[in-house]
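# A structural walkthrough
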Amino acid sequence: MAMIEFKNVEKYFGNFHALKDINLTFEKGEVVVVIGPSGSGKSTLLRTINGLETISSGNLLINDQDIRSKQTKLTEIRKNIGMVFQHFNLYPNKTVLENITLAPTKVLNRNEKEAKDAAERLLDRVGMLDKKDSYPSTLSGGQQQRVAIARGLAMQPEMLLFDEPTSALDPEMIGDVLDVMKQLAREGMSMIVVTHEMNFARDVADRVIFMADGQVLEDSYDVEGFFEQ
Ligand code: ADP
Ligand code: ADP
């Protein structure tokens, strides 16, 4: 069963046609990279998956549940499908550790000790354990993004969405963030990554989707072949 299925999905912002007849399925375990020019609808596509944007028509199924059905709970979807943003979106008034334990304690009702231990393990994985008591504003962009990835993982999601995770970073920070993402991919994490990092796409993706002008123009499992064109 596909984890995510777009069937004839359209998205309008007013009169602007941002997604045009999208038909795509995403399976568990896939690492998919979405590329295309700025304004082609890549971010909108990702944001529809966890309900940050509504769709205008068509069907979008997440684990067989229609995202527009009354029975579908967006909080359930967001527990299961984490998102990492371009601008990190960490809580500024919380420490690194608190940023990570907040959702597990509030949403999953984990006890503080459990959540803290899990958060420390995640911070260790992304190389940020020594900054656990720091506030986000004291960290570099690359460090904040690694914390944001740890926060996404703390909900133990089935899939992580990445919306241009390195586009706001200074060049010297990009490698550290991509290394964390590569490691996740190797561990079998299901990922959809919107990025302009073509080397990352070539090295890590199982599949590449090319969008332009709101449409999917290519959807290829031959990633090497795609980049040789
Ligand atoms: P990409 O991620 O490929 O750069 P986006 O999905 O962010 O593209 O945007 C696609 C188009 O939709 C752009 O022209 C953008 O300006 C427009 N758009 C995105 N969000 C909104 C919004 N909330 N209101 C109006 N237009 C929007
Ligand atoms: P992030 O960096 O966290 O991904 P962005 O800087 O891409 O966020 O901004 C995304 C927000 O701006 C979204 O809410 C998107 O819908 C909105 N947006 C993008 N383009 C437009 C537009 N042309 N008009 C109005 N809102 C837009």
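Data block above holds the structure.
A brief report on the enclosed structure follows. Everything quoted here is computed from the prediction, not taken from an experiment. (Residues numbered from 1 in each chain as written. Chains lettered and ligands numbered in written order. Predicted model: local features only at pLDDT ≥ 70, side-chain atom pairs only at ≥ 80, totals over all residues. Heavy atoms only, no water.)

### Points about the pairing of strand S7 (residues 159-163)
Of all the five residues making up S7, five are buried; the element is thus mostly covered by neighbouring parts of the structure. Residues Met 159, Leu 161 and Asp 163 of S7 are buried on one face, and the alternating residues Leu 160 and Phe 162, pointing to the opposite face, are buried as well. Sheet topology places strand S6 (residues 81-84) next to S7; four bridges connect them, and they run parallel. Bridge pairing in S7 links Val 84 to Phe 162. In this sheet, strand S8 (residues 190-194) lies alongside S7 in parallel orientation, the contact comprising five bridges. Among the inter-strand pairings, Phe 162 is bridged to a residue of S8, identified as Val 193. For the handedness criterion, the β-α-β arrangement of S7, helix H6 (residues 171-186) and S8 is classed as right-handed. (Buried < 20%, exposed > 50% of the residue type's maximum accessible area, 1.4 Å probe, protein only. Helix = DSSP H or I, 4+ residues; strand = E, 2+ residues; numbered from the N terminus. Pairing = 2+ DSSP bridges. Right-handed = clockwise from strand over helix to strand, strands pointing away.)

### Brief notes about the pattern of salt bridges
Note that side chains of opposite charge can pair when their charged atoms are close. Using the criterion set out here, one finds 12 salt bridges in the structure. Of the charged contacts, one joins Arg 47 and Glu 53 as a salt bridge, the two residues approaching to 3.5 Å between their closest N and O atoms. Using a relative accessible area of 24% as the deciding quantity, one classes Arg 47 as partly exposed. A single network of salt bridges, built from pairs that share partners, joins Lys 11, Arg 47 and Glu 53. (Salt bridge = Lys/Arg side-chain N within 4 Å of Asp/Glu carboxyl O.)

### Let's talk about the sheet that holds strand S9 (residues 207-212)
Overall, mixed pairing links the six strands, which are arranged S6-S7-S8-S3-S9-S10 in an open sheet. The strands lining the two open edges of the sheet, one partner per strand, are S6 and strand S10 (215-220). Here the strands of the sheet are splayed against their neighbours by 15° on average, with no regard to which way each runs. Pairing of S9 with S10 involves five bridges; the strand directions are antiparallel. Its bridge partner lying in S10, Phe 210 is registered against Glu 218. Here H6 sits on the sheet and contacts strand S3 (31-35), S7 and S8; the angle it forms with S8, its principal contact strand, is near 145°. (Axes fitted to C-alpha atoms, helices over the stretch in contact; angles between N-to-C directions. Contact = heavy atoms within 4.5 Å.)

### With respect to the site of ligand 1
Around ligand 1 sit Phe 13, Phe 16, Pro 37, Ser 38, Gly 39, Ser 40, Gly 41, Lys 42, Ser 43 and Thr 44, and those are all the residues in its vicinity. One of the backbone nitrogen or oxygen atoms of Gly 39 is found 2.7 Å away from an oxygen atom of ligand 1. Contact distances for ligand 1 include 3.0 Å between an oxygen atom and a backbone N or O atom of Gly 41. Out of a free accessible area of 560 Å², ligand 1 has 60% covered by protein chains. Among the elements that line the shell around ligand 1, the one with the most residues is helix H1 (residues 42-49), at three residues. Split into classes, the residues belonging to the shell around ligand 1 amount to three nonpolar, six polar and one charged. (Near = heavy atom within 4 Å. Polar contact = N/O pair within 3.5 Å; in protein donor to acceptor, adjacent residues only side chain to side chain. Areas by Shrake-Rupley, 256 points an atom, 1.4 Å probe, with all protein chains shown as cover. Nonpolar A, V, L, I, M, F, W, Y, C, P; charged D, E, K, R; others polar.)

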